[in-house]
Amino acid sequence: MTKPLTFAVPKGRILDEALPVMARAGIVPEAGFHDKGNRALSFDTVGGDVRIIRVRAFDVATFVAHGAAQAGIVGSDVIEEFAYPELYAPVDLEIGHCRLSVAEPVATAGLPSAATHLRVATKYPNITRRHYEAQGVQAECIKLNGAMELAPSLGLSGRIVDLVSTGRTLKDNGLVETYEIMQVSARLIVNRAALKTDSRVAELVEKFRAVASGTSA
Amino acid sequence: MTDMNRDLLPEGLEDRLPRDAAAETRITRAVLDVMDGHGYDRVRPPLIEFEKSMAGRMAGVQPRRMFRFVDPASLRTLALRSDMTVQVGRIAATSLAAAPRPLRLCYAGQVVTIKGDGLDPTRERLQLGAELIGADSVEAAGEVVALAIEALEAAGARGLSVDFTLPDLVDTLAAGPLPLDPAKVEDVRRELDAKDAGGLKAAGGDAYLPLLYATGPLDRAIAKLAEVDAGGALASRIAGLRAIAARVGGRARITLDPTERHGFEYQSWFGFTIYAEGVRGAIGRGGTYRIRSSGDGGVDEPATGVSLYTDQLLDVLADGPERDLLFLPIGHDAAVAARLRAIGWRTVAALSDKDDPRALGCTHMLHGSEPRTL
């Protein structure tokens, strides 16, 4: 069992906040990781038997769920969207805070609605469907990968479900947040079977747990 | 477009070609031999039963996961089996109701589900299992765990790891030491299962947080579980876990995850999952449960069992020992060939002069009464 552990991190928003947390847990990527010109996707770490892969947030969950990576960092929005039973999210890293919300055009927001069928543009079709199902509403989800805010003004959908941190993008596009579905923060995730069969994964969880409780206390 | 897909197999179903089928036969035989050796008698229930009898025998069985259709004879709904444990439970509660207890039964057969499980699209599996009916004591659990490990070792699995769990732990705690609003129990169980500390707080299960940390290697996890143990409600369970672990000895790595519920639909106080080196996901699962009586004032019966799903072992073990194959040319002496087969040779008889022994994978050729290496 000398194969290095693979640790998946998401590109973008969460990564900048995650790197210091990872460093305190003893995972420091090699210099090439920070080189913008470097096209590599897989990186060594300083002095550890951990390899880091940098992929899209949704793919972090997929790699870890399939056991191709043993651990990773990803937002609770992604964990909830996939709801993979193979994923454990043992540590709330208390970083990357935002919320997943419903937003509607300012003009129609707040109007009473008795619709049993809605069209929603979102990157999170599963969460959206579950959210509306709980209210007895069929949500027809139009899956977009970005720029959700355009959908209502172009008539693609009546509302959107998307991540909101400051609300600035919504405002600039004539939308207003009408309902908060969930609070989001970044979590350490590990593969269920890996945690139970490889003691290094459990040690990793302990390290991150110590770091997280240190920062929040 | 129409005919192109004629030979396509449906999602999650596959053929086992000779190499895999041979390995599967070896595994099945090895596992059943071990179970037979420990006094477990084989039973062979049918592939299809009434949905009602499959669904009603144990709490938590989901008929939604079964292939179902209407029986033209009885006009009742039939289901293809998705778990043979339920069928063995039926046998124990009906035909073998009068048999002395504890009753030891084993079985092997294909099971199908209408949908794959999570990330795994497989819909047909080989299930090998043993059920010890009439007991769900620590001794019964110890016997079944040890039996499962011995069977898997015989099948060729290496680097075994057993994860213990306490399936009814949350219900026990919620009813006593750590009271919980019944409406919240399901949410708390879900977040505990996902090991999601943040989600658990959000679901109102703060008091249950320490359970998340009571996972890992058995001794360490038990120490932490004992700290949570408000009022000693878990003392007997902890003692039970230690006794079962002692039965295993050093033959497998043992971990504890008291709140694992993945795959434990009907287990009661004790459950376990077995992992093997090189195999992604679990290879076996078992625990204690109760078989519902057939009604009419009967009583539920305790039982302990294990199911092994060895399909994934094939990837690790498919290359079995190289076997000799003897080519019998046209006009060979049939009596000689029969004698050689009787002492263990595998033979391939030529049908025409054009048959090429090497191309057919033969290692030897029969010359007169003597096999010679090719």
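Because the structure is a prediction, the values reported are computed rather than measured. (Residues numbered from 1 in each chain as written. Chains lettered and ligands numbered in written order. Predicted model: local features only at pLDDT ≥ 70, side-chain atom pairs only at ≥ 80, totals over all residues. Heavy atoms only, no water.)

(A) View of the confidence of the model for chain B. All names here are of chain B. Model confidence for chain B is summarised by a mean pLDDT of 89, while 97% of its residues fall at 70 or above. When mean pLDDT is compared element by element in chain B, strand 1 (residues 41-42) scores highest at 97, while helix 7 (residues 197-202) scores lowest at 80. Interface scoring of the predicted complex returns ipTM 0.76; its pTM is 0.85. (pLDDT = per-residue confidence, 0-100. Helix = DSSP H or I, 4+ residues; strand = E, 2+ residues; numbered from the N terminus.)

(B) Looking closely at the domain arrangement of chain A. Residue and element names in this part refer to chain A. Domain annotation of chain A identifies domain 1 (5-96 + 185-213) and domain 2 (98-183). For domain 1 and domain 2, the distance between their C-alpha centroids amounts to 29 Å. Taken residue by residue, the interface counts 8 residues in domain 1 and 10 residues in domain 2. Each partner contributes to the roughly 830 Å² buried at the junction of domain 1 and domain 2, and carbon and sulfur atoms together form 52% of this total. Contact with domain 2 buries surface across domain 1, with Phe58, Asp77 and Glu81 losing the most and accounting together for 59% of the total. Here domain 1 and domain 2 share 0 salt bridges between them. (Domains from an automatic or database assignment. Contact = heavy atoms within 4.5 Å. Buried area = accessible area lost by both parts, 1.4 Å probe. Salt bridge = Lys/Arg side-chain N within 4 Å of Asp/Glu carboxyl O.)

(C) Structural context of the nonpolar core. Core analysis: the largest hydrophobic core is formed by 71 residues, its most contacted members being B:Phe164, B:Tyr208, B:Phe270, B:Phe272 and B:Leu308. When residues of this core are assigned to their parent elements, the largest contribution, 10 residues, is made by helix 4 (residues 138-155) of chain B. For B:Tyr208, the residues in contact, after removing those within four places along its chain, are B:Val170, B:Leu173, B:Ala174, B:Leu178, B:Leu180, B:Val188, B:Leu192 and B:Leu200. In terms of nonpolar packing, the next biggest core, distinct from the first, is built from 33 residues, A:Met22, A:Leu93, A:Ala194 and A:Leu195 among them. (Core = buried A, V, L, I, M, F, W, Y, C linked by side-chain atoms within 4.5 Å. Buried < 20%, exposed > 50% of the residue type's maximum accessible area, 1.4 Å probe, protein only.)

(D) A positive patch on the surface, seen in detail. Residue and element names in this part refer to chain B. Together, Arg26, Arg29, Arg323 and Arg346 line one region of the surface with positive charge. Mapped onto the elements of the fold, Arg26 is located in helix 1 (residues 18-37). A relative accessible area of 36% places Arg26 in the partly exposed class. (Patch = residues over 30% accessible without salt bridge, like charges linked within 9 Å, V, L, I, M, F, W, Y side chains within 5 Å. Areas by Shrake-Rupley, 256 points an atom, 1.4 Å probe, with all protein chains shown as cover. Lys, Arg positive; Asp, Glu negative; His and termini not counted. Charge placed at Lys NZ, Arg CZ, Asp CG, Glu CD.)

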